[in-house]
Amino acid sequence: DMSSFSMIVTGFLLFLIQWSVFPFLFSAQWQPDLWLTVMVMSTLIYDKKTVFIWAVAGGIIQDLTSGSSVGFHLFSYLVIASLFYWGGRRRFNRHWYVSCIAVMAGTLLGQIIFAIVAAISGEWVSVPAYIAFKCAPLMLVNGLAAICLHRILWSIRIEGDPQW
């Protein structure tokens with residue numbers, strides 16, 4: 001579990017960094033999605049309640065602040081959280097490279113969902129261009145963000161009582 005206090009503080013810091021700091025440091029194309037990164041990493045670290053709180057909170061905040069259709073991020077975050085929570089909890093998930101790979105895979109899945117929704121809504125999407133110019137850069141920066149956040153998120157995990 002992650003304590004409520006830790007979730008509130010972490011969420012506040014994510015919001016400030018995502019929307020107040022990153023826009024000045026990165027172009028929109030190279031700006032990491034910290035909400036997605038933390039949500040995917042939470043599937044490796046925390047319990048189901050914490051994972052879905054991150055998915056819902058991150059999805060709603062991203063929808064409200066990004067200017068995209070309301071529900072767009074929320075839907076994709078819930079799909080990713082569901083798939084990763086039930087398929088991603090394995091024995092070796094404490095390694096930094098597992099966090100990096102999981103976040104990159106979650107980013108790819110999120111971008112596929114975004115492309116499908118855009119195509120369904122009538123927008124023409126060039127898949128090779130979308131992967132090269134939107135998906136690949138986001139996978140790279142989110143993977144780097146996962147490496148930076150790995151120790152921090154694991155350190156604020158509340159360990160249970162010893163099993164012996």
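Residues numbered from 1 in each chain as written. Predicted model: local features only at pLDDT ≥ 70, side-chain atom pairs only at ≥ 80, totals over all residues. Heavy atoms only, no water.

Asks: Give me the overall build of the chain: which residues, what numbers.
Replies: What the chain contains, in helices and strands, is six helices and zero strands. In the chain, the succession of helices and strands from N to C terminus is α-α-α-α-α-α. Relative to the 2.2 N^0.38 estimate, which gives 15 Å for 164 residues, the radius of gyration of the chain is 16 Å and therefore close to what a compact globule would have. For the chain, the spread of C-alpha atoms along the three principal axes comes to 60 × 30 × 25 Å. Burial status across the chain gives 41% buried among its 164 residues. Of all intrachain contacts in the chain linking residues separated by at least 6 positions in sequence, the fraction that spans at least 24 positions is 72%. Of the side-chain charges in the chain, 9 are positive and 7 negative, and the distance between the mean point of each set is 9 Å. (Helix = DSSP H or I, 4+ residues; strand = E, 2+ residues; numbered from the N terminus. Rg over C-alpha atoms; globule rule 2.2 N^0.38 Å. Buried < 20%, exposed > 50% of the residue type's maximum accessible area, 1.4 Å probe, protein only. Contact = heavy atoms within 4.5 Å. Lys, Arg positive; Asp, Glu negative; His and termini not counted. Charge placed at Lys NZ, Arg CZ, Asp CG, Glu CD.)

Asks: If you had to explain the packing of helix α1 (residues 4-25) against helix α3 (residues 48-66) to someone new, which residues and values would you point to?
Replies: For the pair α1 and α3, the least separation of the axes is 12 Å and the interaxial angle reads 30 degrees. As the angle between them shows, α1 and α3 are arranged roughly parallel. The handedness of the crossing between α1 and α3 comes out as right-handed. Along its contact with α1, which presents M7, T10, G11, L14, F15, Q18 and W19, the element α3 presents T50, I53, W54, I61, Q62, T65 and S66. Taken together, the residues that form the contact of α1 with α3 break down as seven nonpolar, seven polar and no charged. (Axes fitted to C-alpha atoms, helices over the stretch in contact; angles between N-to-C directions. Parallel < 35°, antiparallel > 145°, perpendicular 65-115°, else oblique. Left-handed = near helix turned anticlockwise from the far one by under 90°. Nonpolar A, V, L, I, M, F, W, Y, C, P; charged D, E, K, R; others polar.)

Asks: Would you mind going over the nonpolar core in detail, with residue names and values included?
Replies: Counting residues in each nonpolar core, the largest one holds 31 residues, and the members touching the most others are M39, V40, W54, I80 and L153. At the level of secondary structure, the elements contributing two or more residues to this core comprise α1, α2 (34-45), α3, α4 (72-88), α5 (96-120) and α6 (127-155). Considering each element in turn, this core owes the most residues, nine residues, to α2. Ignoring anything within four residues of it in the chain, the contact list for M39 reads V51, W54, A55, Y77, I80 and A81. (Core = buried A, V, L, I, M, F, W, Y, C linked by side-chain atoms within 4.5 Å.)

Asks: Run through the packing of aromatic side chains, naming residues and quoting values.
Replies: For the structure on display, the rule yields six aromatic pairs. Relative to Y97, the ring of W96 has its centre 5.9 Å away and its plane inclined at 85 degrees; by these criteria the two rings are edge-to-face. The exposure class assigned to W96 is partly exposed, which follows from its relative accessible area of 47%. An aromatic cluster is built from F52, Y85 and W86, whose rings are joined through pairwise contacts. (Phe/Tyr/Trp six-rings, centres within 6.5 Å; stacked < 30°, edge-to-face > 60°.)

Asks: Give me the lowdown on the environment of F15, citing residues and values where you can.
Replies: Counting through the fold element by element, F15 comes out in helix α1. C-alpha separation for the pair F15 and W124, spaced 109 residues apart in sequence, amounts to 31 Å. For F15, the contacting residues outside a window of four places in its chain are S20, W35, I61 and T65.

Asks: Any chance you could break down the side chain of Q62 for me, citing the residues and the numbers?
Replies: In this structure, Q62 sits in helix α3. Given a relative accessible area of 5%, Q62 falls into the buried group. Reaching out from Q62, the side chain makes a polar contact with the side chain of W19 at a distance of 3.3 Å. Those residues in contact with Q62, other than ones at most four positions away along the chain, are Q18, W19, D33, W35, H73 and Y77. (Polar contact = N/O pair within 3.5 Å; in protein donor to acceptor, adjacent residues only side chain to side chain.)

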